[in-house]
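A structural walkthrough
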Amino acid sequence: MVSALLPAGTTLPPLPHLVVLLLATAGVVAALRRRRPAVTGRRVLALAPWMALGSATHVLYVVDALPPLLAPFAGSPAVYLTVGSLAGAAWLAAAARPDRVAATIAAAGALCLVPVVAVAVGTGVSPVGARWSTLALALTVPVAGATWAGLTRARPETGVTGGVGGLAVFGHALDGVSTAVGTTQLGFGERTPLSRILLEVGGLPSLPVIGEGWLFLLVKLAVASAVVWLFAAYVREEPAEGYLLLGFVAAMGLGPAAHNLLLFSVAA
């Protein structure tokens, strides 16, 4: 019953890898709780490269481009703990320079992300997939921009979420567009059961580029907008917790979206 609700391909790593991963995660979490670094919108926004890093690393796992010793750390859901531990460690290290914490977190994430993407691209680029990925990204920019503008106009209080709220809307918009493109134009399947249902609803008219996936995109935009609006009061009253949780919401959209774009580019 539970497995039917989980994304396809969800597996636990071998026990030795799992123990190492859990110990590393527990150690970083304990250090963060002890140090309690200040949480701001800019610092949460700086985690965006790390959100993409987890997805890019999982693409290497999917295309079998990782050494056997490292591959179990990049499976799903292990990759979330792997990258989360690294991001937490980077945040702890960056705290030594309070005036440059956000920049250091973002730079560390980018420095890790670039070689991972380079290795993925080095396995071979699909010209068709790369074109559709580029088109999906280009289409997302006006869609996300219009959604954010409409949301802040209809509910001005959401403006308090700032860049983190905007990232949440953009990430889920990109996930919606890229998923629709991948399923309708490139023949990829959706691994999450609920998303698959939305994509498989029959009798829907087809739109350019995203085909019948417009319903999935519409639901993603509506849910993301509603969540950002609901979190606005939380961010205003408890900024640290509010920004962290909203950053998690953003990661749930940006992570899968980055995974889609890179996977389409190398495996379509």
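In what follows, the structure referred to is the one given above.
Residues numbered from 1 in each chain as written. Predicted model: local features only at pLDDT ≥ 70, side-chain atom pairs only at ≥ 80, totals over all residues. Heavy atoms only, no water.

**A few points about the overall build of the protein**
- In terms of helices and strands, the protein carries 10 helices and zero strands.
- Shown N-terminal to C-terminal, the secondary structure of the protein runs as helices and strands in the order α-α-α-α-α-α-α-α-α-α.
- For 268 residues, the compact-globule estimate of 2.2 N^0.38 gives 18 Å, and the C-alpha radius of gyration of the protein, at 19 Å, lies within 12% of that figure.
- For the C-alpha atoms alone, the extent of the protein along its principal axes is close to 55 × 50 × 40 Å.
- Put simply, the protein has 268 residues, and 44% of those count as buried.
- Of all intrachain contacts in the protein linking residues separated by at least 6 positions in sequence, the fraction that spans at least 24 positions is 78%.
- Carbon and sulfur atoms provide 71% of the accessible area of the protein, an area that totals close to 13,300 Å². (Helix = DSSP H or I, 4+ residues; strand = E, 2+ residues; numbered from the N terminus. Rg over C-alpha atoms; globule rule 2.2 N^0.38 Å. Buried < 20%, exposed > 50% of the residue type's maximum accessible area, 1.4 Å probe, protein only. Contact = heavy atoms within 4.5 Å. Areas by Shrake-Rupley, 256 points an atom, 1.4 Å probe, with all protein chains shown as cover.)

**Some details on the packing of helix H4 (residues 78-94) against helix H5 (residues 101-122)**
- The N-to-C vectors of H4 and H5 enclose an angle of 145°; their axes lie 9 Å apart at closest approach. Classified by chirality, the crossing of H5 by H4 is right-handed. Seen from H4, the contacting residues are Ala90, Trp91 and Ala94; seen from H5, they are Val101, Thr104, Ile105 and Ala108. (Axes fitted to C-alpha atoms, helices over the stretch in contact; angles between N-to-C directions. Left-handed = near helix turned anticlockwise from the far one by under 90°.)

**A short note on the packing of helix H3 (residues 48-62) against H4**
- Across the interface, H3 lies against H4 with an axial gap of 9 Å and an inter-helix angle of 145°. Seen along the crossing, H3 lies across H4 with a hand that is right-handed. Along the contact surface, H3 presents Trp50, Leu53, Gly54, Thr57 and His58, while H4 presents Val79, Val83, Leu86, Ala87 and Ala90.
- Across the contact of H3 with H4, the residue classes tally to seven nonpolar, three polar and no charged. (Nonpolar A, V, L, I, M, F, W, Y, C, P; charged D, E, K, R; others polar.)

**Some remarks on the side chain of Thr161**
- As for its placement among the helices and strands, Thr161 is situated in the loop between helix H6 (127-154) and helix H7 (162-185).
- Ignoring anything within four residues of it in the chain, the contact list for Thr161 reads Trp148, Val228, Ala232, Val235, Tyr243 and Leu246.

**Describing the pattern of salt bridges**
- This structure, assessed with the given rule, holds two salt bridges.
- The partner of Asp99 in a salt bridge is Arg97, and the shortest N-O contact between them spans 3.6 Å.
- Note that Asp175 and Lys220 form a salt bridge whose closest N and O atoms lie 2.8 Å from each other. On the criterion of sequence distance, the pair formed by Asp175 in helix H7 and Lys220 in helix H9 (residues 214-237) is long-range, its members being 45 residues apart. Comparing Asp175 with Lys220, the two get one shared label, buried. (Salt bridge = Lys/Arg side-chain N within 4 Å of Asp/Glu carboxyl O.)

**Describing the layout of surface pockets**
- For the second largest pocket, the calculated volume is near 300 Å³.
- Along its surface, the second largest pocket is lined by 13 residues, and Ala52, Leu113, Val117, Ala258 and Leu261 are the ones closest to its centre.
- Looking at the lining of the second largest pocket, the elements with two or more residues in it are H3, H5 and helix H10 (239-267).
- For the lining of the second largest pocket, the element with the highest residue contribution is H10, accounting for five residues.
- Of the residues in the lining of the second largest pocket, the class split is 11 nonpolar, two polar and no charged. (1 Å grid on protein atoms, 1.4 Å probe; cavity = no way out; pocket = protein on both sides within 12 Å on 5 of 7 lines; lining within 4 Å. Points joined across faces, edges and corners; volume = space filled by probe spheres on them.)

**Digging into the nonpolar core**
- Counting 44 residues, the largest nonpolar core has Leu47, Trp50, Ile105 and Leu246 as its most contacted members.
- Secondary-structure elements contributing two or more residues to this core are H3, H4, H5, H7, H9 and H10.
- Looking at this core element by element, the count peaks at nine residues for H10.
- With residues near it in sequence (within four places) discarded, Leu246 still touches Thr161, Val164, Gly165, Val228, Phe231 and Val235. (Core = buried A, V, L, I, M, F, W, Y, C linked by side-chain atoms within 4.5 Å.)

**Considering unusual backbone geometry**
- A cis amide bond links Ser76 with the next residue in sequence, Pro77, at an omega value of 10°.
- Even without glycine at this site, Asp64 takes up a positive phi of about 60°.
- Mapped onto the elements, Asp64 comes out in the loop between H3 and H4.
- The residue Val209 is not glycine, and still its phi comes out positive at about 70°.
- Checked against the element boundaries, Val209 lands in the loop between helix H8 (193-200) and H9.

**A word on the environment of Pro37**
- Positionally, Pro37 belongs in the loop between helix H1 (15-35) and helix H2 (41-45).
- Sequence-wise, Pro37 and Ala222 are 185 residues apart; in three dimensions their C-alpha atoms are separated by 33 Å.
- Those residues in contact with Pro37, other than ones at most four positions away along the chain, are Leu32 and Trp91.

Structural measurements only, silent on function.
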